[in-house]
Amino acid sequence: MTLLVLAGSVTLLVTGPWPLRVLGAIGLPMAYVLRPRFGRLAPGVTPLRRDEAPALYALADRVAAAVGSRPVDVIVVGGDFNASYARYGVRNRSLLVLGLPLWAALTPQQRIALLGHEFGHDVNGDSRRGRWLGSALWALEEWHRMTLPDRSRSEGVDLVFFLAGTVQRLLMGGLNALVTGLYRALERLTVRSGQAAEYRADALAAGVGGTAAVRGVLEVLLLHATAESVVLRRRNRPRPVRRTADGTADGPDLWTELAERIAAVPPSERERRLRLSARELGAVDATHPPTHLRLRMLTTRPPVTEPSVTADPAQQGAVEAELAPHRVKIAEELRQQE
């Protein structure tokens, strides 16, 4: 459809009479809006360079090689209780986003399992993350927004404007319904494939980090409310009068408290959260299967007790040292959020 709009607009501009050239001029910006998106880094995001985080990149490369993925191009740390893997740009560079709240709440072996899951998305055959299908879904979303009929009603307009507005709403409403139906059909046809890819990523993570570590990551993800409560309390707590020697606020203490609170959640509460998630079909987001089904899938496979990548204390210490400045910065950003 995007190519059709572009070709039709150019044809009208070149060969059509002047009334049709107006339509061609309108179609060109529409084709631009609907163009394929290759993604880009969000404004203000500063990626970690390999020379400033060599230990973190080395750990990521070890896990990627064990999964069968290529070495990651860019690593970004953020303040979300989550992690993600994607590709962006014309060069199709790989991007790994690590949320420091989640990273702090995990044990060293669970962090390896988390990396294994994220790099698993590069080799698990998830077509929804590809350029072709991803661009199709994005284009349909743009078509949906562009064809939303204007529901506003102006008071005091004459009959001609009223009839014109009614016709416009009917035409755009019909087109919008068609686009919405196509989008929902494509979503329904591919959602199972996307969820199956999540299961495959979990299986790959189990081979890299061990089954127990993957289960630990999924159980920690169910404790996001606990992590949010820690951040909220720190945000509402008065600022300390005294600061550390380097002039920074009490950022590192946030991560220590977060890790301690997550580790202190008793097994009974973890089981309660799991049962609540099963009852509510809770998932990380709409693209993931329910977490309790992901945990059940792990029990149906032979447990991996000897993972291919194990945590090295020296490397983990180096990684934590590289992340220390970013912990202070992100802790301050979380504290200032409304």
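Cut-off values and rules
Within each chain, residues carry numbers counting from 1 in the order of the written sequence. This being a predicted model, a pLDDT of at least 70 is required before a residue's local features are given, and a value of 80 or more before pairs of side-chain atoms are given or counted; all residues contribute to the totals for chains, interfaces and linings. Values shown for side chains rest on all heavy atoms present in the structure; no hydrogens or waters enter the calculation. Working definition: helices are DSSP H or I runs of at least four residues, strands are E runs of at least two. Numbering for both runs from the N terminus. With a 1.4 Å probe rolled over the protein chains alone, any residue whose accessible area is under 20% of its type maximum counts as buried; one over 50% counts as exposed, and the rest are partly exposed. Contact criterion: two residues are considered in contact whenever any of their non-hydrogen atoms come within 4.5 Å of each other. Areas reported as accessible are Shrake-Rupley estimates using a 1.4 Å probe. Residue values count occlusion only from the protein chains shown. Only Phe, Tyr and Trp rings take part, Trp by its six-membered ring, and two of them pair if their centres are within 6.5 Å. Stacked means planes under 30 degrees apart, edge-to-face means over 60, and tilted covers everything else. Each pair of strands is called paired provided DSSP finds at least two bridges between the two strands. Residues grouped as a nonpolar core are buried Ala, Val, Leu, Ile, Met, Phe, Trp, Tyr and Cys residues, joined through side-chain atoms within 4.5 Å. A patch is a set of surface residues, each over 30% in relative accessible area and not in a salt bridge, joined within 9 Å for like charges and within 5 Å for the nonpolar side chains Val, Leu, Ile, Met, Phe, Trp and Tyr. When a carboxyl oxygen of Asp or Glu is within 4 Å of a side-chain nitrogen of Lys or Arg, the pair counts as a salt bridge. With axes taken as lines fitted to C-alpha atoms, and helix axes fitted only over the stretch in contact, angles between N-to-C directions fall between 0 and 180 degrees. Note on scores: pLDDT gives the predictor's confidence for each residue, bounded by 0 and 100.

Examining the overall build of the protein
Each helix and strand counted, the protein has 13 helices and three strands in total. Evaluated residue by residue, the protein yields a buried proportion of 40% over its 338 residues. For the protein, long-range pairs separated by at least 24 residues make up 69% of all intrachain contacts whose partners lie at least 6 apart in sequence. Accessible area for the protein stands at about 19,100 Å²; split by element, carbon and sulfur atoms hold 61% of it.

Quick notes on the packing of aromatic side chains
Throughout the structure, instances matching the rule amount to one aromatic pair. Centroid distance Tyr85 to Phe119: 5.8 Å. Interplanar angle 65°. Geometry classified as edge-to-face. Of this pair, Tyr85 sits in strand E2 (residues 83-88) while Phe119 sits in helix H5 (residues 108-120); the two residues are 34 residues apart in sequence, bridging distant segments of the chain. Like Phe119, Tyr85 is buried.

Section: the environment of Ala177
In this fold, Ala177 is placed in helix H7 (residues 159-209). Sequence separation of Ala177 and Thr147 is 30 residues, and the distance between their C-alpha atoms is 8.9 Å.

Considering the environment of Leu222
In this structure, Leu222 sits in the loop between helix H8 (211-221) and helix H9 (224-236). The sequence separation of Leu222 and Arg270 amounts to 48 residues, and the corresponding C-alpha distance is 8.0 Å. The residues touching Leu222, leaving out its near neighbours within four places in the chain, are Arg273, Leu274, Ser277 and Thr291.

Description of the pairing of strand E1 (residues 74-78)
Of all five residues in E1, five are buried, a share of seventy percent or more. Sheet topology places E1 next to strand E3 (residues 93-99); five bridges connect them, and they run parallel. Each residue of the ladder has a partner; that of Val76, found in E3, is Val97.

Quick look at the nonpolar core
Counting residues in each nonpolar core, the largest one holds 58 residues, and the members touching the most others are Val63, Ile75, Leu98, Trp103, Phe119 and Trp255. No other element matches the eight residues that helix H3 (residues 54-67) contributes to this core. Setting aside chain neighbours within four positions, we find Phe119 in contact with Ala60, Val63, Ala64, Val67, Ser69, Val72, Tyr85 and Leu96. Counting residues in each nonpolar core, the second largest holds six residues, with Ala31, Leu34, Leu140 and Val179 among its members.

Quick notes on a nonpolar patch on the surface
Together, Leu3, Leu6, Val10, Leu13, Val14 and Leu28 make up a nonpolar patch on the protein surface, roughly 510 Å² of accessible area in all. In terms of residues, the nonpolar patch owes the most to one element, helix H1 (residues 2-15), which gives five residues.

Quick word on the sheet that holds E2
Strand pairing in a sheet relies on backbone hydrogen bonds. The paired strands run either parallel or antiparallel. Spatially, three strands are ordered E1-E3-E2 in an open sheet, and the strand pairing comes out mixed. The sheet is open, and its two borders are formed by E1 and E2, each paired with just one other strand. Between one strand axis and the next, the sheet turns by 20° as a mean value, whatever way the strands run. Relative to the sheet, H5 contacts E2 and E3, its axis offset from that of E2 by approximately 30°.

Concerning the confidence of the model for the protein
On average, residues of the protein carry a pLDDT of 85, and 88% of them reach 70 or more. Long-range and interchain partners of residues 244-252, a stretch whose pLDDT sits below 50, account for nine contacts in this model, where long-range means more than four residues apart.

A closer look at unusual backbone geometry
Backbone geometry follows two general trends: most residues other than glycine have a negative phi, and most peptide bonds adopt the trans configuration. The backbone phi angle of Asn92 is positive, close to 55°, even though this residue is not glycine. Within the secondary structure, Asn92 is located in the loop between E2 and E3.

Quick notes on the pattern of salt bridges
A complete count under the given rule lists 13 salt bridges for this structure. Note that Glu257 is salt-bridged to Arg233, the shortest N-O span being 3.8 Å. Of this pair, Glu257 sits in helix H10 (residues 251-263) while Arg233 is found in helix H9, placing the two residues 24 residues apart along the sequence. The class of Glu257 is buried, set by a relative accessible area of 17%. Within the structure, one salt-bridge network assembled from shared partners comprises Arg111, Glu320 and Arg327.

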